[in-house]
Amino acid sequence: MSEPESTCLIRPSTPDDFAAVEEFILPFVESKWLLPRTTDELSELLPEGFIAEVDGSIAGFAALEIYSSKLAELRSLCVDLNYQRIGIGRKLVDACIAKARERQVYEVLVVTSSDEFFRKCGFDFTLPGEKKALFLTTRDSP
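Residues numbered from 1 in each chain as written. Predicted model: local features only at pLDDT ≥ 70, side-chain atom pairs only at ≥ 80, totals over all residues. Heavy atoms only, no water.

This part covers the overall build of the chain. The helix and strand inventory of the chain stands at four helices and five strands. For the chain, the N- to C-terminal ordering of α and β elements is β-α-α-β-β-β-α-β-α. For 142 residues, the compact-globule estimate of 2.2 N^0.38 gives 14 Å, and the chain sits close to it at 15 Å. For the chain, the C-alpha atoms occupy an extent of roughly 45 × 30 × 25 Å along the three principal directions. In the chain, buried positions account for 37% of the 142 residues. When the accessible surface of the chain is totalled, it reaches about 9400 Å², and 51% of it is carbon and sulfur. Charge centroids of the chain, computed over 16 positive and 24 negative side chains, lie 7 Å from each other. (Helix = DSSP H or I, 4+ residues; strand = E, 2+ residues; numbered from the N terminus. Rg over C-alpha atoms; globule rule 2.2 N^0.38 Å. Buried < 20%, exposed > 50% of the residue type's maximum accessible area, 1.4 Å probe, protein only. Areas by Shrake-Rupley, 256 points an atom, 1.4 Å probe, with all protein chains shown as cover. Lys, Arg positive; Asp, Glu negative; His and termini not counted. Charge placed at Lys NZ, Arg CZ, Asp CG, Glu CD.)

With six of six residues buried, strand β2 (residues 49-54) is to be regarded as a mostly interior element. Side chains of β2 alternate between two faces, with G49, I51 and E53 and F50, A52 and V54 buried alike. Where strand β1 (residues 8-12) meets β2, five bridges bridge the pair, whose relative direction is antiparallel. Bridge assignment links R11 to a residue of β2, and that residue is I51. Pairing between β2 and strand β3 (residues 57-66): six bridges, direction antiparallel. The residue bridging E53 from the neighbouring strand is I58, located in β3. (Pairing = 2+ DSSP bridges.)

A word on the pairing of β3. Within β3, seven of the ten residues are buried, which leaves the element mostly enclosed by the surrounding structure. In sequence, β2 turns back onto β3 through a hairpin of two residues, with D55 there showing a positive phi of about 50°. Across six bridges, β3 lies against strand β4 (residues 71-79) in antiparallel orientation. Following the sheet pairing, L64 is matched in β4 by L74. The turn joining β3 and β4, which pair antiparallel and follow one another in sequence, is formed by four residues.

Quick look at the sheet that holds β4 now. Picture the strands of a sheet paired through backbone hydrogen bonds; they go either parallel or antiparallel. In space, the five strands of this open sheet follow the order β1-β2-β3-β4-β5, with mixed pairing throughout. Here the strands that pair on one side only, and so sit at the sheet edges, are β1 and β5 (107-109). Averaged over all adjacent pairs, the angle separating strand axes in this sheet is 25°, with direction ignored. Where helix α1 (residues 18-30) meets the sheet, its contacts fall on β2, β3 and β4, and the angle it forms with β3 comes to roughly 90°. (Axes fitted to C-alpha atoms, helices over the stretch in contact; angles between N-to-C directions. Contact = heavy atoms within 4.5 Å.)

Below, the structure is given as structure tokens:
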């Protein structure tokens, strides 16, 4: 495959993309790479999401869930295995961060098992002033 990133289009997702995005993320959910999303959750994420297209097909997806002017979360980042490690994930992250800046959101967080990738995108374990996010699980599974 020659230079697929050069033919990659990053575009906002729309409610019309629901079925295609749901089908695209299913293998990532089944492999436990992504948390499952209910129909309502996915419907709410789509207007705040971005799709990476290569030759008219979905090659990646990510969304920004905005909680307030202080905080948003980058969610559901996934890239087709055939298109990983060529910059598509980074382009999706950049699109989400640009949306956060446009909406003047102060902080963007990501919950991930791929911390090295996100550190390369500018994320870190602490915020200025040494703030850290701490988590507590209240049940066995999502």
